[in-house]
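Next come the chains, spelled out residue by residue.
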Amino acid sequence: MDIDWEWSQARETMVSRDLRDRGIRDADVLTAMSVIPRQRFVPPEYQADAYADAPLPIGDEQTISQPFMVALMTEALQLKGGERVLEIGTGSGYQTAVLAEMGAEVWTIERSSTLSARAVRLLESLGYESIHCIESDGTLGLPSAAPFDRILATGSLPDAPKRLLSQLTDGGIFVGPVGDWHCQELVRIVYHANQFEREVLCACRFVPLIGEDGWQY
Ligand code: SAH
(Lines give C-alpha, C1' and ligand atoms only; values in the text may rest on other atoms or scores of the structure.)
Protein backbone atom coordinates (compact mmCIF):
# COMPACT_ATOMS: atom_id res chain seq x y z
CA MET A 1 0.00 0.00 0.00
CA ASP A 2 1.28 3.47 -0.93
CA ILE A 3 1.88 5.32 2.35
CA ASP A 4 1.39 8.80 0.79
CA TRP A 5 -1.96 7.64 -0.55
CA GLU A 6 -2.97 6.45 2.93
CA TRP A 7 -2.08 9.80 4.50
CA SER A 8 -4.00 11.66 1.83
CA GLN A 9 -7.04 9.42 2.41
CA ALA A 10 -6.82 10.12 6.17
CA ARG A 11 -6.67 13.85 5.40
CA GLU A 12 -9.70 13.70 3.12
CA THR A 13 -11.67 11.86 5.82
CA MET A 14 -10.69 14.48 8.41
CA VAL A 15 -11.68 17.35 6.11
CA SER A 16 -15.09 15.92 5.26
CA ARG A 17 -16.01 14.35 8.65
CA ASP A 18 -14.49 16.82 11.12
CA LEU A 19 -14.53 20.08 9.17
CA ARG A 20 -17.07 20.24 6.30
CA ASP A 21 -19.74 18.17 8.06
CA ARG A 22 -19.32 20.27 11.21
CA GLY A 23 -19.91 23.58 9.47
CA ILE A 24 -16.60 24.85 8.09
CA ARG A 25 -17.61 26.58 4.85
CA ASP A 26 -14.52 28.47 3.67
CA ALA A 27 -13.37 26.44 0.64
CA ASP A 28 -9.81 27.78 0.91
CA VAL A 29 -9.54 26.55 4.52
CA LEU A 30 -10.77 23.10 3.47
CA THR A 31 -8.34 23.01 0.55
CA ALA A 32 -5.39 24.13 2.69
CA MET A 33 -6.09 21.48 5.31
CA SER A 34 -6.51 18.79 2.68
CA VAL A 35 -2.96 19.31 1.40
CA ILE A 36 -0.86 19.99 4.53
CA PRO A 37 0.80 16.82 5.92
CA ARG A 38 -0.33 17.14 9.57
CA GLN A 39 1.52 13.91 10.42
CA ARG A 40 4.81 15.78 9.89
CA PHE A 41 3.87 18.30 12.63
CA VAL A 42 3.40 15.75 15.43
CA PRO A 43 6.03 13.57 17.16
CA PRO A 44 6.51 10.09 15.61
CA GLU A 45 4.70 8.36 18.47
CA TYR A 46 1.50 10.34 17.70
CA GLN A 47 1.58 10.14 13.90
CA ALA A 48 -1.07 7.45 13.77
CA ASP A 49 -3.45 9.92 15.48
CA ALA A 50 -2.47 12.90 13.32
CA TYR A 51 -5.89 13.05 11.61
CA ALA A 52 -8.05 12.49 14.69
CA ASP A 53 -9.96 15.60 15.73
CA ALA A 54 -7.94 16.08 18.88
CA PRO A 55 -5.09 18.18 20.23
CA LEU A 56 -1.82 16.20 20.52
CA PRO A 57 1.34 16.73 22.60
CA ILE A 58 4.26 18.33 20.70
CA GLY A 59 6.82 18.54 23.55
CA ASP A 60 7.64 21.34 26.02
CA GLU A 61 4.20 20.67 27.62
CA GLN A 62 2.50 22.19 24.56
CA THR A 63 -0.07 20.85 22.12
CA ILE A 64 -0.97 21.16 18.46
CA SER A 65 -4.60 22.38 18.35
CA GLN A 66 -7.37 20.05 17.16
CA PRO A 67 -8.06 20.33 13.40
CA PHE A 68 -11.62 21.67 13.87
CA MET A 69 -10.36 24.53 16.05
CA VAL A 70 -7.60 25.36 13.55
CA ALA A 71 -10.21 25.48 10.77
CA LEU A 72 -12.64 27.56 12.83
CA MET A 73 -9.99 30.12 13.79
CA THR A 74 -8.67 30.35 10.23
CA GLU A 75 -12.18 30.79 8.83
CA ALA A 76 -12.86 33.50 11.41
CA LEU A 77 -9.92 35.49 10.03
CA GLN A 78 -11.74 35.87 6.68
CA LEU A 79 -8.57 35.63 4.59
CA LYS A 80 -8.68 36.45 0.91
CA GLY A 81 -4.94 36.05 0.20
CA GLY A 82 -2.13 38.58 0.45
CA GLU A 83 -2.81 39.63 4.06
CA ARG A 84 -0.04 40.31 6.57
CA VAL A 85 -0.79 37.99 9.47
CA LEU A 86 0.77 37.81 12.94
CA GLU A 87 0.42 34.47 14.72
CA ILE A 88 1.25 34.18 18.41
CA GLY A 89 2.31 30.67 19.44
CA THR A 90 4.02 28.88 16.55
CA GLY A 91 4.03 25.54 18.40
CA SER A 92 4.35 22.80 15.79
CA GLY A 93 3.96 25.29 12.92
CA TYR A 94 0.82 23.58 11.60
CA GLN A 95 -1.47 26.61 11.95
CA THR A 96 1.32 28.71 10.42
CA ALA A 97 1.36 26.43 7.39
CA VAL A 98 -2.44 26.73 7.05
CA LEU A 99 -2.16 30.55 7.02
CA ALA A 100 0.65 30.47 4.44
CA GLU A 101 -1.28 27.99 2.31
CA MET A 102 -4.18 30.50 2.35
CA GLY A 103 -1.90 33.04 0.65
CA ALA A 104 -0.94 35.12 3.69
CA GLU A 105 2.50 36.43 4.59
CA VAL A 106 2.96 35.21 8.15
CA TRP A 107 5.03 36.44 11.09
CA THR A 108 4.83 33.77 13.78
CA ILE A 109 6.21 34.16 17.30
CA GLU A 110 7.11 31.32 19.67
CA ARG A 111 8.40 31.55 23.23
CA SER A 112 10.04 28.11 23.32
CA SER A 113 13.36 27.97 21.47
CA THR A 114 13.04 24.18 21.02
CA LEU A 115 9.63 24.43 19.36
CA SER A 116 10.58 27.48 17.30
CA ALA A 117 13.73 25.81 15.92
CA ARG A 118 11.83 22.64 15.05
CA ALA A 119 9.07 24.59 13.29
CA VAL A 120 11.62 26.61 11.29
CA ARG A 121 13.24 23.41 9.99
CA LEU A 122 9.94 21.76 9.12
CA LEU A 123 8.35 24.78 7.42
CA GLU A 124 11.52 25.30 5.39
CA SER A 125 11.62 21.65 4.36
CA LEU A 126 8.01 21.94 3.18
CA GLY A 127 9.04 24.87 0.98
CA TYR A 128 7.10 27.75 2.59
CA GLU A 129 8.73 31.06 1.70
CA SER A 130 6.20 33.54 3.08
CA ILE A 131 6.77 32.67 6.75
CA HIS A 132 8.95 34.55 9.24
CA CYS A 133 9.58 32.68 12.51
CA ILE A 134 10.53 34.75 15.53
CA GLU A 135 11.53 33.51 19.00
CA SER A 136 10.16 36.04 21.46
CA ASP A 137 7.28 37.03 23.76
CA GLY A 138 4.38 37.26 21.30
CA THR A 139 1.98 38.85 23.78
CA LEU A 140 3.76 42.12 22.95
CA GLY A 141 3.12 41.63 19.24
CA LEU A 142 5.81 42.63 16.77
CA PRO A 143 5.98 46.43 16.54
CA SER A 144 8.90 46.26 14.04
CA ALA A 145 6.69 44.59 11.41
CA ALA A 146 3.31 46.12 12.39
CA PRO A 147 0.65 46.90 11.33
CA PHE A 148 -0.98 43.56 10.55
CA ASP A 149 -4.23 42.82 8.72
CA ARG A 150 -4.85 39.88 11.01
CA ILE A 151 -3.61 38.77 14.43
CA LEU A 152 -4.21 35.22 15.65
CA ALA A 153 -3.46 34.08 19.20
CA THR A 154 -3.20 30.28 19.38
CA GLY A 155 -2.88 30.23 23.17
CA SER A 156 -5.13 31.83 25.77
CA LEU A 157 -4.95 35.41 27.02
CA PRO A 158 -6.48 36.84 30.22
CA ASP A 159 -7.73 39.76 28.17
CA ALA A 160 -7.35 41.02 24.61
CA PRO A 161 -4.10 42.98 25.10
CA LYS A 162 -4.21 46.60 24.04
CA ARG A 163 -0.65 46.51 22.70
CA LEU A 164 -1.58 43.68 20.34
CA LEU A 165 -4.78 45.32 19.15
CA SER A 166 -2.90 48.56 18.50
CA GLN A 167 -0.90 46.68 15.84
CA LEU A 168 -3.96 46.06 13.63
CA THR A 169 -4.59 47.94 10.39
CA ASP A 170 -7.90 49.76 9.98
CA GLY A 171 -10.35 46.95 9.13
CA GLY A 172 -7.98 44.45 10.78
CA ILE A 173 -9.17 41.39 12.69
CA PHE A 174 -7.93 39.75 15.91
CA VAL A 175 -8.98 36.17 16.71
CA GLY A 176 -8.02 34.33 19.88
CA PRO A 177 -9.12 32.63 23.10
CA VAL A 178 -9.70 35.11 25.92
CA GLY A 179 -10.85 34.32 29.45
CA ASP A 180 -9.56 32.56 32.54
CA TRP A 181 -6.83 29.95 32.88
CA HIS A 182 -9.12 26.92 32.52
CA CYS A 183 -11.82 28.07 30.14
CA GLN A 184 -12.06 30.80 27.54
CA GLU A 185 -14.18 32.26 24.76
CA LEU A 186 -12.90 32.38 21.21
CA VAL A 187 -13.39 36.02 20.29
CA ARG A 188 -13.13 37.96 17.06
CA ILE A 189 -12.36 41.66 17.40
CA VAL A 190 -12.64 43.89 14.34
CA TYR A 191 -10.88 47.25 14.44
CA HIS A 192 -12.46 49.97 12.35
CA ALA A 193 -12.54 53.77 12.54
CA ASN A 194 -10.97 53.83 16.01
CA GLN A 195 -13.51 51.36 17.37
CA PHE A 196 -13.27 47.72 18.39
CA GLU A 197 -16.22 45.44 17.67
CA ARG A 198 -16.10 42.23 19.70
CA GLU A 199 -17.95 39.01 18.94
CA VAL A 200 -17.86 35.66 20.80
CA LEU A 201 -17.54 32.65 18.48
CA CYS A 202 -17.58 29.74 20.96
CA ALA A 203 -16.37 28.44 24.30
CA CYS A 204 -12.93 26.86 24.18
CA ARG A 205 -9.93 25.69 26.16
CA PHE A 206 -6.36 26.49 25.10
CA VAL A 207 -2.90 26.31 26.62
CA PRO A 208 -1.86 29.69 28.08
CA LEU A 209 0.31 32.34 26.44
CA ILE A 210 2.95 33.11 29.07
CA GLY A 211 4.31 36.63 28.79
CA GLU A 212 4.24 40.26 29.75
CA ASP A 213 0.71 40.90 28.43
CA GLY A 214 -0.36 37.26 28.87
CA TRP A 215 -0.25 34.99 31.89
CA GLN A 216 2.53 35.31 34.47
CA TYR A 217 4.14 31.97 35.30
N1 SAH B 1 -0.43 27.01 16.72
C2 SAH B 1 0.21 25.85 17.32
C3 SAH B 1 -0.35 25.49 18.66
C4 SAH B 1 0.19 26.40 19.66
S5 SAH B 1 -0.02 25.99 21.35
C6 SAH B 1 0.15 24.66 16.39
O7 SAH B 1 -0.50 24.72 15.35
O8 SAH B 1 0.84 23.68 16.70
C9 SAH B 1 0.50 27.57 21.98
C10 SAH B 1 1.98 27.87 21.78
O11 SAH B 1 2.23 29.17 22.31
C12 SAH B 1 2.96 26.95 22.50
O13 SAH B 1 3.86 26.43 21.58
C14 SAH B 1 3.65 27.85 23.52
O15 SAH B 1 5.01 27.51 23.72
C16 SAH B 1 3.53 29.21 22.85
N17 SAH B 1 3.61 30.37 23.73
C18 SAH B 1 3.23 30.49 25.04
N19 SAH B 1 3.43 31.75 25.46
C20 SAH B 1 3.93 32.44 24.39
C21 SAH B 1 4.33 33.80 24.20
N22 SAH B 1 4.26 34.72 25.17
N23 SAH B 1 4.79 34.16 22.98
C24 SAH B 1 4.88 33.26 21.97
N25 SAH B 1 4.53 31.95 22.10
C26 SAH B 1 4.05 31.57 23.29
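Values in this document were obtained by computation on a predicted structure and should not be read as measured data.

Participant: I tried to follow the overall build of the protein chain on my own but got confused; where do I start?
Facilitator: The number of helices and strands found in the protein chain is six helices and nine strands. A globule of 217 residues ought to have a C-alpha radius of gyration of about 17 Å, and the protein chain, at 16 Å, matches this closely. For the protein chain, the spread of C-alpha atoms along the principal axes amounts to about 55 × 35 × 35 Å. Within the protein chain, the fraction of its 217 residues that count as buried is 51%. Restricting to contacts in the protein chain with at least 6 residues of sequence separation, those with at least 24 account for 54%. Of the roughly 10200 Å² that the protein chain leaves accessible, carbon and sulfur atoms contribute 49%. Looking at the protein chain, you have 18 positive and 32 negative side-chain charges, and the mean spots of the two groups are 2 Å apart.

Participant: Help me understand the packing of aromatic side chains in this model?
Facilitator: Aromatic rings in a pair are described by how distant their centres are and how their planes are angled relative to each other. One pass over the structure, following the stated rule, counts five aromatic pairs. Ring centres of phenylalanine 41 and tyrosine 94 lie 5.5 Å apart, and the angle between their planes is 75°; on these two criteria the pair is classed as edge-to-face. With phenylalanine 41 in the loop between helix H2 (27–35) and strand S1 (56–59) and tyrosine 94 in helix H4 (residues 94–101), this pair connects stretches of sequence that are 53 residues apart. Tyrosine 94 sits in the buried class, given a relative accessible area of 1%. Taken together, a centroid distance of 5.4 Å and an interplanar angle of 85° make the contact between tryptophan 181 and tryptophan 215 edge-to-face. Pair noted here: tryptophan 181 is in the loop between strand S7 (168–179) and strand S8 (184–192) and tryptophan 215 is in the segment after strand S9 (195–204), with a separation of 34 residues, a long-range link. The exposure class of tryptophan 215 is buried, given its relative accessible area of 16%. The ring of phenylalanine 68 has arginine 22 sitting right over it, with the charged end atom 4.0 Å from the ring centre.

Participant: What exactly am I supposed to notice about the environment of cysteine 202 here?
Facilitator: Along the chain, cysteine 202 turns up in strand S9. Using a relative accessible area of 22% as the deciding quantity, one classes cysteine 202 as partly exposed. Along the primary structure cysteine 202 and leucine 186 are separated by 16 residues, whereas in three dimensions their C-alpha atoms are 5.4 Å apart. Those residues in contact with cysteine 202 that sit more than four places away from it in its chain are Met69, Leu72, Gln184, Glu185 and Leu186.

Analysis parameters
Residues numbered from 1 in each chain as written. Predicted model: local features only at pLDDT ≥ 70, side-chain atom pairs only at ≥ 80, totals over all residues. Heavy atoms only, no water. Helix = DSSP H or I, 4+ residues; strand = E, 2+ residues; numbered from the N terminus. Rg over C-alpha atoms; globule rule 2.2 N^0.38 Å. Buried < 20%, exposed > 50% of the residue type's maximum accessible area, 1.4 Å probe, protein only. Contact = heavy atoms within 4.5 Å. Areas by Shrake-Rupley, 256 points an atom, 1.4 Å probe, with all protein chains shown as cover. Lys, Arg positive; Asp, Glu negative; His and termini not counted. Charge placed at Lys NZ, Arg CZ, Asp CG, Glu CD. Phe/Tyr/Trp six-rings, centres within 6.5 Å; stacked < 30°, edge-to-face > 60°. Lys NZ or Arg CZ within 6 Å of the ring centre and 35° of its normal.

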